[in-house]
Amino acid sequence: MIDGQPQRRKGAPVLRPSLTLGILGGGQLGRMMAMAAATLGIRTHVYAPEAESIAFEVCAEHTCAPYLDKAALKAFAERVQVVTFEFENVPTATLERLQHYAPHLRIHPSASALSITQDRINEKTFMAGLGLETAPFRAVDSLETLEEAVRAIGAPSILKTRRMGYDGKGQARIMTPHGAAEAYEAIGRQSAILEGFVSFSREVSVLCARRADGAVATYDVCENEHRNHILSRTTLPSSILPATARQAREAAIAIAGALDYVGILAVEMFVVGEGAGEHVVMNEIAPRVHNSGHWTIEGAETSQFEQHVRAVMGLPLGSTVRRGAIEMDNLLGEDMRRVPDLLETPGAHLHLYGKKLALKGRKMGHVTIVR
Ligand code: AMP
């Protein structure tokens, strides 16, 4: 330090206080990202269509407009230097329009990474193309192609809409070869993917951060329990073998590299086999910060939110070292009665997202304990 001024390594990026990061999507992920940006002195401008967006409350500026509103996108593009998203169902046309209005705008992750991960067939084909194991799958676009796919893959199997699915929405199990028509009706006769049922022992995920220059950092593998298709609890360390953990982290790095990805992504995986046969099978890629990474706020040297901001702003990535044994519980609408107790529990780090209505199954907050 000279005269209180931190010395800068030659070539290290300068953090100008006036930089504004644009965030598409106004839910809890955008909210926590905006809060992390603020700790680095970076302003955020959140763009979301819903008037009640909880990220609006913690950012410097916000725009409430539809994702394809040309005038609103143009004004937004002119006010930010970098754009990212917290929500993978942002239309790729939104990113393309922003780039058109502001050619120098840096948009991370890219529209091409987003479009691969928005479509389950493209996503699985992409992962299989990297030599990564996935469940067997077939594209479905009619009852006839579904029946053919059930004959090829067998039952039990899972029918999922190709696009816009999350937290188990748009999915139907096919338990016998005769269940095809009912499942197709249940998902609204949409374009879909049929996946063979993976008989897994555990579900895990890996968070991977990557910068434009190819620098990467992964976090420890987390073990995830779901209830009614919604993440309920994340714990670390995972009980998988070190070789399986290595395979999982390498798979996430390969995916990030092949997408030329910038930011944080999460890869959800199934653990199958035992002993020397234990390995991971890829399920899906979330091109964003992820619920199974909330533990990193208190449980890692750098939170996933700060890491994402660092990656998209071109700053050095932070350490991903874990600070202890972790338990992260999601708090859904029906869990809000736990809040008074949690407020009195030493070591319980409570996060509430400020949502007004505590509906059943709605993610209202989370709590992390680091031991
Ligand atoms: P997804 O939306 O693809 O993450 O699926 C939600 C949940 O459904 C997963 O976390 C699994 O518990 C279960 N699931 C999804 N696909 C499969 C599969 N092919 N085999 C077994 N379980 C699955």
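What you see is a predicted model, and the numbers here were worked out from it, not measured in a lab. (Residues numbered from 1 in each chain as written. Predicted model: local features only at pLDDT ≥ 70, side-chain atom pairs only at ≥ 80, totals over all residues. Heavy atoms only, no water.)

What about the domain arrangement of the protein chain?
Then, in step 1: Domain boundaries in the protein chain define domain 1 (20–117), domain 2 (136–196) and domain 3 (202–370).
Then, in step 2: Relative placement of domain 2 and domain 3: their C-alpha centres are 28 Å apart.
Then, in step 3: Across the contact, five residues belong to domain 2 and five residues belong to domain 3.
Then, in step 4: Here domain 2 meets domain 3 over a buried area of about 360 Å², counting both sides, of which 38% is carbon and sulfur.
Then, in step 5: One can count zero salt bridges joining domain 2 with domain 3.
Then, in step 6: Run the count over domain 2 and domain 3 and you get zero residue pairs in polar contact (both at pLDDT 80 or more). (Domains from an automatic or database assignment. Contact = heavy atoms within 4.5 Å. Buried area = accessible area lost by both parts, 1.4 Å probe. Salt bridge = Lys/Arg side-chain N within 4 Å of Asp/Glu carboxyl O. Polar contact = N/O pair within 3.5 Å; in protein donor to acceptor, adjacent residues only side chain to side chain.)

A word on the packing of aromatic side chains
Then, in step 1: In total, this model carries five aromatic pairs according to the counting rule given.
Then, in step 2: Judged by centre distance (4.9 Å) and plane angle (5 degrees), the ring pair of Phe-200 and Phe-270 falls under stacked. Of this pair, Phe-200 sits in the loop between β9 (192–196) and β10 (202–210) while Phe-270 is found in strand β14 (residues 263–272), placing the two residues 70 residues apart along the sequence.
Then, in step 3: The partly exposed category is assigned to Phe-200, whose relative accessible area is 35%.
Then, in step 4: The class of Phe-270 is buried, set by a relative accessible area of 10%.
Then, in step 5: Every member of this aromatic cluster is reached through a ring pair, and the members are Tyr-47, Tyr-67, Phe-76 and Phe-87. (Phe/Tyr/Trp six-rings, centres within 6.5 Å; stacked < 30°, edge-to-face > 60°. Helix = DSSP H or I, 4+ residues; strand = E, 2+ residues; numbered from the N terminus. Buried < 20%, exposed > 50% of the residue type's maximum accessible area, 1.4 Å probe, protein only.)

A word on the site of the ligand
Then, in step 1: Around the ligand, a shell composed of 16 residues is seen, among which Lys-160, Gln-171, Val-198, Glu-203 and Glu-284 lie nearest.
Then, in step 2: For the ligand, an oxygen atom lies 2.8 Å from a polar atom in the side chain of Gln-171.
Then, in step 3: One nitrogen or oxygen atom from the main chain of Gly-196 is found 3.0 Å from a nitrogen atom belonging to the ligand.
Then, in step 4: A total of 470 Å² of accessible area belongs to the ligand in isolation, and the protein chains cover 95% of it.
Then, in step 5: Where the shell around the ligand is concerned, the elements lending two or more residues are β7 (157–161), β9, β14 and β15 (279–286).
Then, in step 6: Along the lines of polarity and charge, the residues of the shell around the ligand split into five nonpolar, five polar and six charged.
Then, in step 7: Two domains each put at least three residues into the shell around the ligand: domain 2 (136–196) and domain 3 (202–370). (Near = heavy atom within 4 Å. Areas by Shrake-Rupley, 256 points an atom, 1.4 Å probe, with all protein chains shown as cover. Nonpolar A, V, L, I, M, F, W, Y, C, P; charged D, E, K, R; others polar.)

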